[in-house]
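Residue-level listing of the chains:
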Amino acid sequence: MLEKTLLLRSIFVTKQKKFDSLGLKSEIYRLEEGVSEGELLRLIDQINNDDTFHGILVQLPLPDHIDSQKVIHAISPTKDVDGFHPENAGLLSIGTPRFVPCTPKGIMYILKHFNVELDGKHVVVVGRSNIVGRPVSVLSSLKSLGNATVTICHSGTSDLKQFTTQGDIVVAAMGSPEFLDASFIKEGACLVDVGINRIERDGKSTIVGDVNQASVMGKASALTPVPKGVGPMTIAMLVENTVLSAELSLN
Ligand code: GUN
């Protein structure tokens, strides 16, 4: 047993509060659940053509009647501060990123901040979403950023434990409450818990991650807590991407 698992913490503020506190303009458009795809696309087009906005984020998931890919494609790639547009995803995948998706960017930031070495290490990512799993696996493998060896596991992986127990760093991003317990990791592994799952416990609604945090204490060398781990970094990176967009617009 390790004496202690280091908690890699950050501080939570809402998106709008963060922008306000920095003197940056932000506008929230709260649309009805039943809004048509056409109406949403028209709003995006309007903001694409409004020079007073440098970034657009459409909160996902969208209702089933709206085609998310169509919406993501409609956002101008130069205002796509989420980094989900194929142009930005492509730039990342060839190693010349412009807007990096906020959660993976935040994960890389946390690991760097707490001096978690990736170079030559084995990063095991559980989850292959375009929002977290896939981009974080690309970032960790890039020579300039991580230079790690990366394994991506997903719902089709058989014998998940065989892979996760090899990870020096394990990124849990599959959306299964408290799924990864101590039996899934090796002693001294650093765990990045990306899960935000609302569950009922003792008659109360509570948020838990994808890692069973109590179980891994003393076995993991470090762990991002839930809440106040990765989540707030996503918002910080959204601000960073928006400022980057404003800078790029001047060129
Ligand atoms: N839903 C969960 N994470 C994200 C994110 O990073 N961006 C957007 N747009 N929606 C999300």
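Here the structure is a predicted model, which means the values were calculated and not measured.

**Points about the sheet that holds strand E3 (residues 149-153)**
Ordered by their spatial adjacency, six strands build an open sheet running E1-E8-E5-E4-E2-E3, and the pairing between neighbours is parallel. With partners counted over all chains shown, the strands left at the sheet margins are strand E1 (6-7) and E3, one partner each. In terms of strand pairing, strand E5 (residues 190-193) meets strand E8 (residues 222-223) through two bridges, oriented parallel. By the bridge assignment, Cys190 is partnered in E8 with Ala222.

**Some points on the site of the ligand**
Around the ligand lies a shell formed by Leu57, Val58, Gln59, Leu60, Asp82, Phe84, Thr103 and Ile131. In the environment of the ligand, a nitrogen atom lies 3.0 Å from a nitrogen or oxygen atom belonging to the backbone of Leu60. Between Asp82 and the ligand, the recorded distance is 2.5 Å, taken from a side-chain N or O atom to a nitrogen atom. Here the ligand has 280 Å² of accessible area as a free molecule, and 80% of this is covered by the chains. When the residues that make up the shell around the ligand are grouped by side-chain class, the tally is five nonpolar, two polar and one charged.

**Looking at empty space enclosed by the protein**
Summed over the entire model, instances satisfying the criterion amount to two cavities of 30 Å³ or more. Within this model, the largest cavity holds a volume of roughly 40 Å³. Forming the walls of the largest cavity are Val58, Leu60, Ile72, Ile75, Asp80, Asp82 and Phe84. Residues of the lining of the largest cavity, tallied by class, amount to five nonpolar, no polar and two charged. Its volume calculated, the second largest cavity comes out at about 30 Å³. Looking at the lining of the second largest cavity, the elements with two or more residues in it are helix H5 (102-113), helix H6 (133-141) and strand E4 (169-172). Per-class residue counts for the lining of the second largest cavity are eight nonpolar, one polar and no charged.

Calculation notes
- Residues numbered from 1 in each chain as written.
- Predicted model: local features only at pLDDT ≥ 70, side-chain atom pairs only at ≥ 80, totals over all residues.
- Heavy atoms only, no water.
- Pairing = 2+ DSSP bridges.
- Helix = DSSP H or I, 4+ residues; strand = E, 2+ residues; numbered from the N terminus.
- Near = heavy atom within 4 Å.
- Polar contact = N/O pair within 3.5 Å; in protein donor to acceptor, adjacent residues only side chain to side chain.
- Areas by Shrake-Rupley, 256 points an atom, 1.4 Å probe, with all protein chains shown as cover.
- Nonpolar A, V, L, I, M, F, W, Y, C, P; charged D, E, K, R; others polar.
- 1 Å grid on protein atoms, 1.4 Å probe; cavity = no way out; pocket = protein on both sides within 12 Å on 5 of 7 lines; lining within 4 Å.
- Points joined across faces, edges and corners; volume = space filled by probe spheres on them.

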